[in-house]
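# Fold and geometry: a report
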Amino acid sequence: MTLQPIFDAIERSAHRIRDAITNEDLCYADQCNATGDTQLKLDIQSDLIIAEEFSKITAIKAIASEEKEEAETLHAEGRYMIAYDPLDGSSLIDVNLSVGSIFGIYDGAFEASKMVASVYVVYGPRLELVTAYKGSVRHFIFRHGRFDEQETITLKEKGKLNAPGGTQQHWPAHHKAMVDGLFSEGYRLRYSGGMVPDLHQILLKGGGLFSYPGTTDKPEGKLRKLFEVFPFAFVYETAGGEAINHEGRRLLELPCNDPHETTPCFFGSKYEIAKVKEAYGV
Ligand code: P6P
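Residues numbered from 1 in each chain as written. Predicted model: local features only at pLDDT ≥ 70, side-chain atom pairs only at ≥ 80, totals over all residues. Heavy atoms only, no water.

Taken in spatial order, the 5 strands make up an open sheet running E12-E11-E13-E15-E14, and their pairing is mixed. The open sheet has two edge strands, strand E12 (188–189) and strand E14 (242–244), and neither has a second partner. Along the sheet, helix H4 (residues 195–204) contacts strand E11 (161–164), strand E13 (208–212) and strand E15 (265–268); its crossing angle with E13, the most-contacted strand, is approximately 155°. (Pairing = 2+ DSSP bridges. Helix = DSSP H or I, 4+ residues; strand = E, 2+ residues; numbered from the N terminus. Contact = heavy atoms within 4.5 Å. Axes fitted to C-alpha atoms, helices over the stretch in contact; angles between N-to-C directions.)

This is the structure:
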């Protein structure tokens, strides 16, 4: 079966969420998600929009959302399982910075090795959509009423952007030395606190490094495997880059026992990932 009905559902969700971001209020809901993040009403609304659009597709067996504790079955006879972060970085909306939605599409099980495609949407000055599927990363910009396809995205061997996540005072010394080493080579700091725009920028500008390490306050990192880390690892590897954890293992080889499990993660061009491996001694 083609994934096109799923991509179409994501496109419909993107328009509805974009409209909600523009027109709805920003106040916080009186509850937290499974990770303990205080939820914005927009987070919950975005989650409901996506779940509603996916519920129409019988090929979708189950969904797992950042905004929900557990995965839920949609169609028992379905084949694909979709893990998604409906509105990543939503706290940036009230300062008018770009945010995004992230989708990992798995064939039969929520396991990295079963991922068949990933998609992300950027809600910024422009509405953009990127799909990694069947060996290529395709990029679409919404203009004049339609998603216009751009050039396929590929990463160079070496880039020039450095996006260091996490609280610096809690970084391990070898991590700080690696980050500073890139800056001493002339890399430019590009970090907004939004995973989607920060990783999108590195992809579009030819390469660099996005890192979210294990820290003394978050030893297992902050970013969730199923609906943040694995989807972007799939995009970066499809674009010709690499995506590893602090042990030098491919992120897409890591087990995942809970939808909200996190991992330290590094996404980048080959040169920068080699620097990470050198600094971490792996
Ligand atoms: P920090 C947003 O809350 C998010 O989950 C990701 O979008 C982003 O990459 C990360 O957290 C930012 O975390 O600790 O660097 O502010």
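By nearness alone, 13 residues border the ligand, and Asp 88, Tyr 191, Met 195, Tyr 212 and Lys 222 come closest of all. Interatomic distance of 3.1 Å between a backbone N/O atom of Gly 166 and an oxygen atom of the ligand. Measuring from an oxygen atom of the ligand, one finds a side-chain N or O atom of Tyr 191 at 2.4 Å. Burial of the ligand by the surrounding chains reaches 80%, relative to a free accessible area of 400 Å². (Near = heavy atom within 4 Å. Polar contact = N/O pair within 3.5 Å; in protein donor to acceptor, adjacent residues only side chain to side chain. Areas by Shrake-Rupley, 256 points an atom, 1.4 Å probe, with all protein chains shown as cover.)

Quick look at a nonpolar patch on the surface now. A cluster of nonpolar residues, Phe 183, Leu 189 and Tyr 191, forms a patch on the protein surface that exposes about 260 Å² of accessible area. Within the fold, Phe 183 resides in helix H3 (residues 173–184). Residue classification places Phe 183 among the partly exposed residues on the basis of a relative accessible area of 30%. (Patch = residues over 30% accessible without salt bridge, like charges linked within 9 Å, V, L, I, M, F, W, Y side chains within 5 Å. Salt bridge = Lys/Arg side-chain N within 4 Å of Asp/Glu carboxyl O. Buried < 20%, exposed > 50% of the residue type's maximum accessible area, 1.4 Å probe, protein only.)

Let us now look at the sheet that holds strand E5 (residues 80–88). Read from one edge of the open sheet, 8 strands run E4-E3-E5-E6-E7-E8-E9-E10, paired in mixed fashion. The open sheet terminates on both sides in strands that have one partner only, identified here as strand E4 (72–73) and strand E10 (146–149). With 7 bridges connecting them, strand E7 (residues 115–123) and strand E8 (residues 127–133) associate as antiparallel partners. By the bridge assignment, Ala 117 is partnered in E8 with Tyr 133. Helix H2 (residues 41–55) contacts strand E3 (60–65), E5 and strand E6 (99–107) of the sheet and is inclined by roughly 155° relative to E5.

So, on to the domain arrangement of the chain. Taken domain by domain, the chain holds domain 1 (4–149) and domain 2 (161–280). Taken together, both faces of the contact between domain 1 and domain 2 bury some 2400 Å²; the carbon and sulfur share is 69%. At the surface where domain 1 touches domain 2, the tally comes to 1 salt bridge. One salt bridge connects Arg 224 with Glu 66, and the closest N-O pair in it is separated by 2.4 Å. On the surface where domain 1 and domain 2 come into contact, there are 7 residue pairs in polar contact (both at pLDDT 80 or more). Contributing elements (two or more residues each) for the side of domain 1 that touches domain 2: E3, E5, E6, E7, E8 and strand E9 (136–143). Counting residues per element, the side of domain 1 that touches domain 2 draws most heavily on E7, which supplies 7 residues. Its residues assigned to classes, the side of domain 1 that touches domain 2 shows 21 nonpolar, 11 polar and 7 charged. (Domains from an automatic or database assignment. Buried area = accessible area lost by both parts, 1.4 Å probe. Nonpolar A, V, L, I, M, F, W, Y, C, P; charged D, E, K, R; others polar.)

Under the counting rule described, the total for this entry stands at 11 aromatic pairs. With a centroid separation of 4.9 Å and 35° between ring planes, the pair formed by Tyr 120 and Phe 232 is classed as tilted. In this pair, Tyr 120 is assigned in strand E7 and Phe 232 in helix H5 (residues 225–238), connecting sequence segments 112 residues apart. As far as the burial class goes, Tyr 120 and Phe 232 line up, both buried. Judged by centre distance (6.3 Å) and plane angle (35°), the rings of Tyr 191 and Phe 210 are tilted. Here the residue Tyr 191 occupies a position in the loop between E12 and H4, and Phe 210 occupies one in strand E13, the gap between them amounting to 19 residues. Aromatic ring contacts, followed pair by pair, group Tyr 191, Phe 210, Tyr 236 and Phe 267 into a single cluster. Across from the ring centre of Tyr 271, 4.9 Å away, lies the NZ or CZ of Lys 158, which sits over that ring. (Phe/Tyr/Trp six-rings, centres within 6.5 Å; stacked < 30°, edge-to-face > 60°. Lys NZ or Arg CZ within 6 Å of the ring centre and 35° of its normal.)

For the structure on display, the rule yields 18 salt bridges. Its salt-bridge partner being Asp 148, residue Arg 146 comes within 2.6 Å of it at the nearest N-O pair. With a shortest N-O distance of 2.9 Å, Arg 224 and Glu 228 are connected by a salt bridge.

Bringing the pairing of E8 into the picture now. Burial runs high along E8: 6 of the 7 residues are buried. The turn linking E7 back onto E8 is made up of 3 residues. Connecting E8 to the next strand, E9, in antiparallel fashion are 2 residues, including Lys 134 with a positive phi near 50°.

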